[in-house]
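# Working through the structure, step by step
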Amino acid sequence: MADRGALKLVGFLFATATLAVMLVAGMVVKGYADGAYTLEASAVDASR
């Protein structure tokens, strides 16, 4: 059976990874909301 110290370390690692993924996802969503990114290929081709 795993000891509590190792379980706390694994929990901390998973929490850190979850927080990082949530921050990146939030930044991407904010970028789409602000118009920095677009899903339309025609808009990308027109800007070149």
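Residues numbered from 1 in each chain as written. Predicted model: local features only at pLDDT ≥ 70, side-chain atom pairs only at ≥ 80, totals over all residues. Heavy atoms only, no water.

## A short note on the overall build of the chain
Spelled out, the test is: Put simply, DSSP H or I for four residues or longer makes a helix, DSSP E for two residues or longer makes a strand, and each gets a number counted from the N terminus. Per-residue accessibility takes into account occlusion by the displayed protein chains alone, with areas from the Shrake-Rupley method and a 1.4 Å probe.
The number of helices and strands found in the chain is two helices and zero strands. Accessible surface, the chain: about 4,500 Å² in total, of which carbon and sulfur atoms supply 70%.

## Structural notes on the UniProt feature "transmembrane region" (unreviewed entry) in the chain
Going by this rule: UniProt positions are given in the numbering used here, feature names are shortened, and annotations may be inferred rather than shown by experiment.
The feature "transmembrane region" (unreviewed entry), as annotated in UniProt, sits at residues 7-29 in this numbering. For residues 7-29, helix accounts for 100% and strand for 0%, while the C-alpha atoms at its two ends are 33 Å apart.

## A word on the pattern of salt bridges
What counts here: We define a salt bridge as a side-chain nitrogen of Lys or Arg found within 4 Å of a carboxyl oxygen belonging to Asp or Glu. Between buried and exposed lies partly exposed: a residue is buried under 20% and exposed over 50% of the maximum accessible area for its type, with that area taken using a 1.4 Å probe on protein chains only.
Taken as a whole and assessed by the stated rule, the structure comprises one salt bridge. Of the charged contacts in the structure, one is a salt bridge between Asp-34 and Lys-30, with a shortest N-O distance of 2.7 Å. With Asp-34 and Lys-30 both in helix α1 (residues 4-34) and four residues apart, the pair spans about one turn of that helix. Residue class for Asp-34 comes out exposed when judged on its relative accessible area of 54%.

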